[in-house]
Every structure is written in structure tokens, then in C-alpha cells.
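Each chain is listed here by its residues.
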Amino acid sequence: MAIGPTTVLSRPAGRPSASITVLGSTGSIGKSTLEVIALHAEYHVFALTANSNVPVMVEQCVRFQPRFAVMVDGQAAEQLAGELRKAGSATKVLSGAQALVEVATHPEADTVMAAIVGSAGLPPTLAAVEHSKKMLLANKEALVMAGELFMRTLAASNAVLLPIDSEHNAVFQCLPPESRLAGGDIRRQGVRKVILTASGGPFRTLPVEQFGDVTPEQACRHPNWEMGRKISVDSATMMNKGLEVIEACFLFGVGPEHVEVLIHPQSIVHSMVEYMDGSVIAHLGSPDMRIPIAYSLAWPERINSGAAFLDLTRQADLQFFAPDLERFPCLRLGMEAAARGGTAPTILNAANEVAVESFLSGKISFTDIPAIIAAVLAQMSCDQADTIDIIRQADEQARATARRIITETELGNGLSAPTG
Ligand code: NAD
Ligand code: MG
């Protein structure tokens, strides 16, 4: 039989519908997720969650009419419930961190977008994996702090994990289809290395002597991406790429020696996979998170994301450079933690979260961030990270150590930048 256009090109009559819980819906990724959902009638919002942003949550509930809305903050939950009553909304408001787990594991939600920032995202994300949801993972900190446990839980469940981080989504798309979801060793499929691209952030060319005077506003002004404040600072220090090296190791089952980082200021090539025969497969697109979000929502199909199409004739130049680890010590610290393994990534992540928070609230300078993380890593021992209790303990101890170091700094003891 000849293969005609109808047999090859026709799509199924309707895509399966999905019922989605969006963890962190009021954030940058959460909002982009809702924009993609709004374009497609077959996707329904089951639950929305946020920490405390009532005005944005009211708008989202009125527009998407979820069954549940969770505000972790109790007062914000009360305020939200009042606003929704006035608006005649049927959405039920829940509060507290346990409610995040409830809506992430509810039998009526089949898909979970994990877009809470930081370690607060781990409990609902891990619980959703245990409950075999289709997981859209933006919350890289959850994977970095508990990668071994996370991947073991995934292997023991029927969950499907789709990376939302643009680099990892790009790598996922460049890998052989049979090894994308395995979490096994992709090198058996002829992969030589994974190449993560990095924009270099707002300070790629700033003279290093000026790093000490950088303000939170300058650090949050990313040249190519609009993101939440924490990941914006991580991009400015390049800790974001350090976290992403660790993320890639867990997701794709490779050691850090098989993950290369390249600075690519244009953010058009989102990442690449190099194969043993010398082929390099790259993923290109506009710098718009709706692309990996739409890819993951519809996977294994493709849908419209709403993002602009790429016009390469307008893209004069695509540049690639090796990163400067002296300029960006956080990237080196991330790579070292990936190589050390065990609780090193847990400690790195916790110390970074505390340091970034302190920088954003004006307590420490930009150059104190790597110094604090290096000091915490030097002061703590690294253990096997195979149980949630060990991970929690390492996380809490690293936070306490970072806070103590910051208090000492405030008292004038000062920190010296890490060397090496
Ligand atoms: P954001 O700060 O814009 O939003 C964070 C969301 O998490 C908000 O909805 C907030 O209410 C919620 N939240 C914050 N603290 C919480 C807590 N303690 N408990 C429960 N909810 C809490 O952050 P973002 O830029 O959307 O990033 C979200 C995650 O996605 C991060 O892990 C980030 O690294 C990752 N990511 C973001 C981008 C991006 O372009 N923004 C790209 C790749 C990966
Ligand atoms: Mg990224």
C-alpha cells in the first residue's frame, strides 16, 4: 500500500485531555504555563498554588476556575477565600504546605507543573512523582538537593519526568527517543557529551573589580530572559549553570565529566548533544519558556506555544565561549559539588538559597555569595544522600551554617573570595 498524506500526516482526532496542578502558578514559569494552557481547550487547570500573592491568584482563579487554590500563607488564604466569594468563584481555597502535597497527588490531577522556587518545592514534587503523575519539572532545586532519591523514586513509579529548564528540555529533544526517559546511562546510546549553553547573565563582560558593587536590581536585569528574582541572581552568579550541571547529571545519568558548559550570549541554541561519531545535535528557538512548557505539556506530540518563531536571517551571529571560572566561582562550586556527589549538591543548594536571599535583602554583597557557599561546603562533611532524613539534615545544617557565617560577616569578620 502506498503511504499517502492521510496515513502519514493525519493527527488523532483529539488529543487526550489533561487535568493539571500548577505548583507556583503566580511565578514566572507558572504564568507562562497558564498562557500555554489558555491556548488549548483540552488542558484543564485542576489546582493552582502560591506562597502569598493574592491579587495574581484571584485573577488566575477567576480566569481558569480551578477546583482548588492553595496559599501556603494562612492569612493570604483567608484573604483569597474572601475575594473569591465576592467574585462568585467556586474554587475551594486551602492553606499550608501539606495542601501543596494534597493537590499535587490528588487522583483527579494527571499532570503536575513543579514551578515552586527553591527547596520548598521538594515535598509536593517528590510526592507527585510517587503518585505517578506526568511531571513537568521546572523546580531544579528539588532535583539538585535530592537527586539520587528523586531518580530512585521516579524509577519505582510510573511517573514520566519532562524537564522544563530550557537547556535540559533541549537536551531531552536532542537525545535518541529510547533513552530520553530512562534516567540511565545515555553514553550507551553513543552520546559523547551533553553541552549546556549559558547566556553568561548580565555580568558576562563587567570588569570583575565592579562585582562587589552590583545591586540586586542590576543582578535581576537579565539580558535575554524574564524570570523570578532568585533564578535571576543565580544566572548573574552563574550558580544557575552549576545547578544545571548537577540537574543534567541526574536527569541523563552521566557524570559531570560528560557535561560541558559553553557561554552563548544570544540564547538561541538552548543546548546540544555530541555523539561519538562527531555529530552534534542542537536545539534552537526563541528564548521563551513557553516553548519547553508546550513541548512537555503535549509530549510526545507538538502544539502551538504562542512563542515567536525564530528568524535566523535576523540573527547575525551565534557565538560560543568557554566559561571563565575565575569570574564565576559559583559555576566552579557547582561543578565540584556534582563531582563530589552525596550531600554536596544538597549543601551547595541550601547555602546558595540563604546567600541569595541575604543578597536580595541587602545584607551581603554580590561577591559574598560564592564566598559563603565555599565556606559552608568547607565546614561540612559530605555523606551519602540516600534518605530524605539525611537530605533534610544536610539542608538544615547548611542553612544554619550559612546564616551563622552571614551574621559573623555583619559583625565585621569579613569573608574572602574562594580561590582556585
Ligand atoms: P518565581 O519567583 O517567579 O515564582 C515562584 C513561585 O513559587 C511563585 O508562585 C511563589 O508563590 C511560589 N513560592 C515561593 N516560595 C514558596 C514557598 N515557600 N512555598 C510554596 N510556594 C512558594 O520563580 P520562577 O522564575 O517562576 O522559577 C520557578 C522555578 O523554575 C525555579 O526553581 C527556577 O529555577 C525554575 N526555572 C525558571 C525559569 C524561568 O525562566 N523563570 C527557567 C528555568 C527554570
Ligand atoms: Mg535553564
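Bear in mind the structure is a predicted one, so any value in this text is a computation, not a measurement.

### Some words on the environment of Val214
Consideration 1: Mapping Val214 onto the fold places it in the loop between β8 (191-198) and α10 (216-219).
Consideration 2: Judged by its relative accessible area of 7%, Val214 falls in the buried class.
Consideration 3: Val214 sits 57 residues away from Ser271 along the chain, and the two C-alpha atoms are 29 Å apart.
Consideration 4: Not counting residues up to four positions away in its chain, the partners in contact with Val214 are Phe203, Leu206, Ala219, Phe359 and Phe366.

### What to know about the packing of aromatic side chains
Consideration 1: According to the stated counting rule, one finds eight aromatic pairs in the structure shown.
Consideration 2: Between Phe172 and Trp299, the ring centres sit 6.5 Å apart and the planes meet at 70°, which makes this aromatic pair edge-to-face. Taken together, the residues span a long stretch of sequence, with Phe172 in helix α9 (residues 166-174) and Trp299 in the loop between α13 (290-298) and α14 (329-340) at a distance of 127 residues.
Consideration 3: Residue classification places Trp299 among the partly exposed residues on the basis of a relative accessible area of 22%.
Consideration 4: With centroids separated by 6.3 Å and ring planes inclined at 50°, the aromatic side chains of Phe211 and Phe328 adopt a geometry described as tilted. With a gap of 117 residues between them, Phe211 in the loop between β8 and α10 and Phe328 in the loop between α13 and α14 connect regions that are remote in the sequence.
Consideration 5: Since its relative accessible area comes to 4%, Phe211 is described here as buried.
Consideration 6: By relative accessible area, which is 2% here, Phe328 ends up buried.
Consideration 7: Connected via pairs of aromatic rings, a cluster forms that spans Phe203, Phe211, Phe328, Phe359 and Phe366.

### Some remarks on the packing of helix α15 (residues 344-360) against helix α16 (residues 368-379)
Consideration 1: The N-to-C vectors of α15 and α16 enclose an angle of 145°; their axes lie 9 Å apart at closest approach. Considering the relative orientation of α15 and α16, their crossing is right-handed. On α16, the residues touching Ala344, Ile347, Leu348, Ala351, Asn352, Ala355 and Phe359 of α15 are Ile369, Ile372, Ile373, Val376 and Leu377.
Consideration 2: For the contact of α15 with α16, the per-class residue count stands at eleven nonpolar, one polar and no charged.

### Brief notes about a nonpolar patch on the surface
Consideration 1: A cluster of nonpolar side chains, namely Leu284, Leu310, Leu312, Leu318 and Phe320, defines an oily patch on the protein surface of about 380 Å² accessible area.
Consideration 2: On the accessibility criterion, Leu312 (47% relative accessible area) is partly exposed.

### Thoughts on the coordination of the magnesium ion (ligand 2)
Six octahedral donors around a metal ideally subtend angles of 90 or 180 degrees, whereas four tetrahedral donors ideally subtend 109.5 degrees.
Consideration 1: Every protein donor of the magnesium ion (ligand 2) is listed here as Asp165 (OD), Glu167 (OE) and Glu244 (OE), and their distances to the metal cover 2.1 to 2.2 Å.
Consideration 2: Taken in chain order, the donor set of the magnesium ion (ligand 2) reads D-x1-E-x76-E. With a gap of 79 residues between them, Asp165 in the loop between β7 (160-163) and α9 and Glu244 in helix α12 (residues 239-252) connect regions that are remote in the sequence.
Consideration 3: Exposure remark for Asp165: the relative accessible area of 8% places this residue in the buried category.

Quick notes on the rules
Residues numbered from 1 in each chain as written. Chains lettered and ligands numbered in written order. Predicted model: local features only at pLDDT ≥ 70, side-chain atom pairs only at ≥ 80, totals over all residues. Heavy atoms only, no water. Helix = DSSP H or I, 4+ residues; strand = E, 2+ residues; numbered from the N terminus. Buried < 20%, exposed > 50% of the residue type's maximum accessible area, 1.4 Å probe, protein only. Contact = heavy atoms within 4.5 Å. Phe/Tyr/Trp six-rings, centres within 6.5 Å; stacked < 30°, edge-to-face > 60°. Axes fitted to C-alpha atoms, helices over the stretch in contact; angles between N-to-C directions. Left-handed = near helix turned anticlockwise from the far one by under 90°. Nonpolar A, V, L, I, M, F, W, Y, C, P; charged D, E, K, R; others polar. Patch = residues over 30% accessible without salt bridge, like charges linked within 9 Å, V, L, I, M, F, W, Y side chains within 5 Å. Areas by Shrake-Rupley, 256 points an atom, 1.4 Å probe, with all protein chains shown as cover. Salt bridge = Lys/Arg side-chain N within 4 Å of Asp/Glu carboxyl O. Donors = N, O, S within 2.8 Å, 3.2 Å for Na, K, Ca; no water.

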